Every structure is written in structure tokens, then in C-alpha cells.
Amino acid sequence: MAKLLEGKPIAEKIKAEIVQEIKSLQQAPVLASIQVGENIGAASYVKSQAKLAESLGVVYQLHKLSQETSENALIAFIQKLNTEKKVNGIIVQMPLPAQIDYKKISQFISPEKDIEGMHPANMGKIVFGKAKILPCTPAAVMELLNSTGIELYGKEVVVVGHSEIVGKPLSLLLLDKFATVTVCHIGTSKAGKLEEHVKKAEVLIVAVGKAGLIKGEWIKEGAIVIDVGINRVGDKIVGDVEFQEASKRASWITPVPGGVGPLTVTMLMRNLVEATKIQTQC
Ligand code: NAD
């Protein structure tokens, strides 16, 4: 039976480190959060980020803009925050109103203040193994893997999902550890080859957003399974992997919820501290 790979204990450890780091800075880091319009999802992210920020000693500035804000107006607002010396990190809350393209506006956040690690300059540094600010979900997955004590060198690692926010940057981080990385996506499924790839995974990471996509019987005996997916099924939240069946075969498996999720927001705060250090050169 698999051991549960829970995010919370790891997040607590990292939070304690962040608190110490913040104490050693000259000033408390300032996180500017932009929320455009009213949205229940965005409002709940803001609430949990603000609570975490307060517990760590981070100053959380919430900037609420109207639902009608144009893309150009948001870009101008971001550029103003870019020039404000006391602001160390900028985050734009999702979802955004239809008139705003997140991919476009995220490129206007100064790379030094891009604590989500989504600016092309920060993404590019991952290719060279030089990134200090990593996209939060891939960073969370790497922390979970690290906590199992696994040596990734030479391991067969299969990543299902190739989005810019999870699969693509994660596969580069894994390559940097000399894992043998296979990246699967919709094309793999359409070609009828998903099962074949998943079955050989010593480490399996799934980030698709389809409940039950990965059958429990496909899991290799002793594999580490990290389920990034979040799906609402009835009144429950589940991942992409058939948890019960997979647990009988895996050595470690993340619960959903409670696996990757609790670590992601912690990674955001770690990036903020890193960004502050880069800006103040300490
Ligand atoms: P996305 O929609 O951008 O990408 C989905 C990926 O899945 C694509 O690569 C696509 O090709 C692939 N895919 C789709 N159908 C497939 C199929 N049948 N077989 C194989 N691959 C298939 O999604 P995303 O933003 O990367 O998010 C993926 C999931 O992870 C979602 O459930 C999301 O909610 C969750 N997520 C969780 C966290 C967290 O902190 N826990 C963070 C980010 C995303």
C-alpha cells in the first residue's frame, strides 16, 4: 500500500525557512496582488494568499480593478507597479475578464517581480538550469519528489500534460536532474499510447484535468505518483489518477486535495523572497 505524499508538512517546513529568511531582510517583502472584477475563485485565492502572507511577515497589497478594465489599462497599471521600488512581487489573479489575455499581460510584469515565474525570461532561464524563480506548480512537484528521497538520475519519469504552467517547465526541471523524461499529452492519448507510456513510469506526474484518466492498474509496482489534477466530481474534488487502485501499486501517492495544492502558494512566497533578494542584491 502506498504512503501518502502530503503537501502540508513540507509546506510547513518551507514556511518556517521563509520566516527566517524574511527576518534577515532589511525590509518585509511587498507582494502586489491585482484582482480584476469580482470572481468567487479569485476572491478565495486572494483571501488565502493574504492570510499566508500575514503569517510569514509579508506585506500583501490588494489592488482591485473594475470588471471593465481594458487590457491596456491593466498593462499600464502593471508597469506602474514595476517602477515602484517598494513592490517586490506582482501577481495577477485568475480568472480574468474575457477582454484580457493573461498570456499577453503576464509578459509585462518585470521578470524581477514575476513571482509566478511565467515571464519568458524566467522560463528561458529554466532551459539553462539557472532559474531562481520557478513556476509554482512545477516547483511544488519537485519539492514533493525531493521529500521522498528518490534519486531522479536515470529514472523513467513520465509527465502527462504539456501545459506552459505545469508540464513543459516541469519536464525541463526533471531533465536537469538527469531523469529520462517522457512527456505525454492529448496527442499521445489520441494515438492510443498513453497506457503504454504510463506503465513504464517509475515516477508518474499527471496534470491534465480529467478525473479517472489514469487507470490504477496502469501504475507500475513501486512507482511514485504525483497527481496535479483538480476535478470536481459531484461534491468531491478528485485528481486525474484512480486513487484507490493506484494506491495498491504505488510506493508513494499524493492525495487530492492535500498533495500538490498546499505547496503551490508556499512556492509563490518563496519566489517573493527570492525576488526581493535579487532586487536588493542580498
Ligand atoms: P491545460 O488545460 O493547460 O493542459 C492540459 C494538458 O493535458 C495538455 O497538455 C493536454 O494536451 C493534456 N491532455 C488533455 N486531454 C488529455 C488526454 N485525454 N490524455 C492525455 N493528455 C491530455 O491544464 P493545466 O493548466 O496544466 O492544468 C492541468 C490540471 O492541473 C487541471 O486539473 C488544473 O486544475 C490542475 N492544476 C493544479 C494545480 C495545483 O496547484 N494543484 C496548479 C495548476 C494546475
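Since this is a predicted model, take the numbers as computed values, not measurements. (Residues numbered from 1 in each chain as written. Predicted model: local features only at pLDDT ≥ 70, side-chain atom pairs only at ≥ 80, totals over all residues. Heavy atoms only, no water.)

### Concerning unusual backbone geometry
Condition: Where helices and strands are cited, they refer to DSSP runs of H or I of at least four residues and of E of at least two residues respectively, numbered from the N terminus.
In this structure, Pro95 follows Met94 across a cis peptide bond, with omega equal to -5 degrees. Among the structural elements, Pro95 can be located in the loop between strand 4 (89–92) and helix 4 (102–106). Omega for the peptide link from Val256 to Pro257 comes to -5 degrees, which places this bond in the cis form. Assignment of secondary structure puts Pro257 in the loop between strand 11 (252–253) and helix 11 (261–280).

### Re the pattern of salt bridges
Rules: In what follows, salt bridge is the name for a side-chain nitrogen of Lys or Arg lying within 4 Å of a carboxyl oxygen of Asp or Glu. Exposure classes here rest on a 1.4 Å probe applied to the protein chains alone. A residue is buried below 20% of its type maximum, exposed above 50%, and partly exposed in between.
Under the criterion given, the structure shown has 11 salt bridges. Between Lys15 and Glu12 there is a salt bridge; the shortest N-O distance is 3.2 Å. A residue pair is termed a helical-turn pair when its members lie 3 or 4 positions apart in one helix, as Lys15 and Glu12 do in helix 1 (residues 7–24) at three residues. Lys104 serves as the salt-bridge partner of Glu71, at 2.9 Å between the closest nitrogen and oxygen. Of the two residues, Glu71 sits in helix 3 (residues 71–83) while Lys104 sits in helix 4, which places them 33 residues apart along the sequence. Of the residues examined, Glu71 reaches a relative accessible area of 16% and is grouped as buried. Linked through salt bridges whose partners overlap, the residues forming this network are Lys103, Glu164 and Lys168.

### Description of the site of the ligand
Here is the rule: Note on terminology: near, applied to a residue and a molecule or strand, indicates that one of the residue's heavy atoms is within 4 Å of it. As used in this structure description, the phrase polar contact means that two N or O atoms lie within 3.5 Å; if the pair is within protein, one of them must be able to donate a hydrogen and the other to accept it, and residues adjacent in sequence are counted only when both atoms belong to side chains. A 1.4 Å probe and the Shrake-Rupley method give the accessible areas. Residues count as covered only by the protein chains that appear here. Each residue is assigned to one of three groups, with Ala, Val, Leu, Ile, Met, Phe, Trp, Tyr, Cys and Pro labelled nonpolar, Asp, Glu, Lys and Arg labelled charged, and all others, Gly among them, labelled polar.
In the region of the ligand, 21 residues are neighbours, and His162, Ser163, Ser189, Lys210 and Thr264 sit closest. Ile186 is positioned such that a nitrogen or oxygen atom in its backbone is 3.1 Å from an oxygen atom of the ligand. Residue Ser189 places a side-chain N or O atom 2.6 Å away from a nitrogen atom belonging to the ligand. Considered on its own, the ligand offers 860 Å² of accessible surface; in the complex 74% of this is hidden by protein. Among the elements of the structure, helix 8 (186–190) and helix 11 are those that each provide at least two residues to the shell around the ligand. Class assignment of the residues belonging to the shell around the ligand gives a composition of 10 nonpolar, 10 polar and one charged.

### Brief notes about the packing of helix 1 against helix 6 (residues 136–148)
Applicable threshold: Note on geometry: axes are C-alpha line fits, over the in-contact stretch for helices, and angles between N-to-C directions span 0 to 180 degrees. An angle below 35 degrees is treated as roughly parallel, one above 145 as roughly antiparallel, one from 65 to 115 as roughly perpendicular, and anything else as oblique. Here a residue-residue contact requires only that any non-hydrogen atoms of the pair lie within 4.5 Å.
In the contact formed by helix 1 and helix 6, the axes pass within 10 Å of each other and the chain directions differ by 100 degrees. By the criterion of interaxial angle, the relationship of helix 1 to helix 6 is roughly perpendicular. Listed contacts from helix 6 to Gly7, Ile10 and Ile14 of helix 1 are Glu143, Leu144 and Ser147.

### Remarks on the pairing of strand 4
Heads up, the rule is: Paired strands, as defined in this entry, are two strands with at least two bridges between them according to DSSP.
A two-sided burial pattern is seen for strand 4, the buried positions comprising Gly89 and Ile91 on one face and Ile90 and Val92 on the other. Pairing analysis gives four bridges linking strand 2 (residues 30–36) to strand 4, with the strands arranged parallel. Residue pairing for strand 4: Ala32 is matched across the bridge by Ile90.

### Section: the pairing of strand 3 (residues 59–65)
Condition: A crossover counts as right-handed when, viewed with the strands pointing away from the observer, the path leading from the first strand over the helix to the second turns clockwise.
In this sheet, strand 3 lies alongside strand 2 in parallel orientation, the contact comprising seven bridges. Directly across from Ser33, in strand 3, lies its bridge partner Leu62. Of the crossover connections in this fold, the one passing from strand 2 over helix 2 (residues 40–56) to the parallel strand 3 is right-handed.

### Here we look at helix 5 (residues 120–127)
Short version of the rule: When we speak of the arc, we mean the arc of directions from the helix axis to the C-beta atoms.
Considered for burial, the residues of helix 5 that qualify are Asn122, Met123 and Ile126. Projection of helix 5 onto a plane perpendicular to its axis shows the buried side chains occupying an angular sector of 100 degrees, all on one side. Of the residues flanking the end of helix 5, it is Gly129, one or two places downstream, whose phi is positive at about 65 degrees.

### Focus: the sheet that holds strand 4
With parallel pairing, the three strands of this open sheet are ordered in space as 3-2-4. Two strands close off the open sheet at either side, each with one partner strand: strand 3 and strand 4. Between one strand and the next, the sheet's axes are offset by a mean angle of 20 degrees, whatever the strand orientation.

### Quick look at the sheet that holds strand 11
Strand order in the open sheet formed by six strands is 1-11-8-7-5-6, and the pairing between neighbours is parallel. Edge positions in the sheet fall to strand 1 (3–4) and strand 6 (180–184), since each has one partner strand and no second. When strand 5 (residues 156–160) meets strand 7 (residues 203–206), the two strands line up parallel, connected through four bridges. Following the sheet pairing, Val159 is matched in strand 7 by Ile205.

### Description of a nonpolar patch on the surface
Inclusion rule: Surface patches are drawn from residues lacking salt bridges whose relative accessible area is over 30%; two like charges belong together within 9 Å, two nonpolar side chains (Val, Leu, Ile, Met, Phe, Trp, Tyr) within 5 Å.
Side chains of Val127, Phe128, Leu172 and Leu175 sit close together on the surface and give an oily, nonpolar patch of about 410 Å² of accessible area. Mapping Leu175 onto the fold places it in helix 7 (residues 167–176). Judged by its relative accessible area of 47%, Leu175 is partly exposed.

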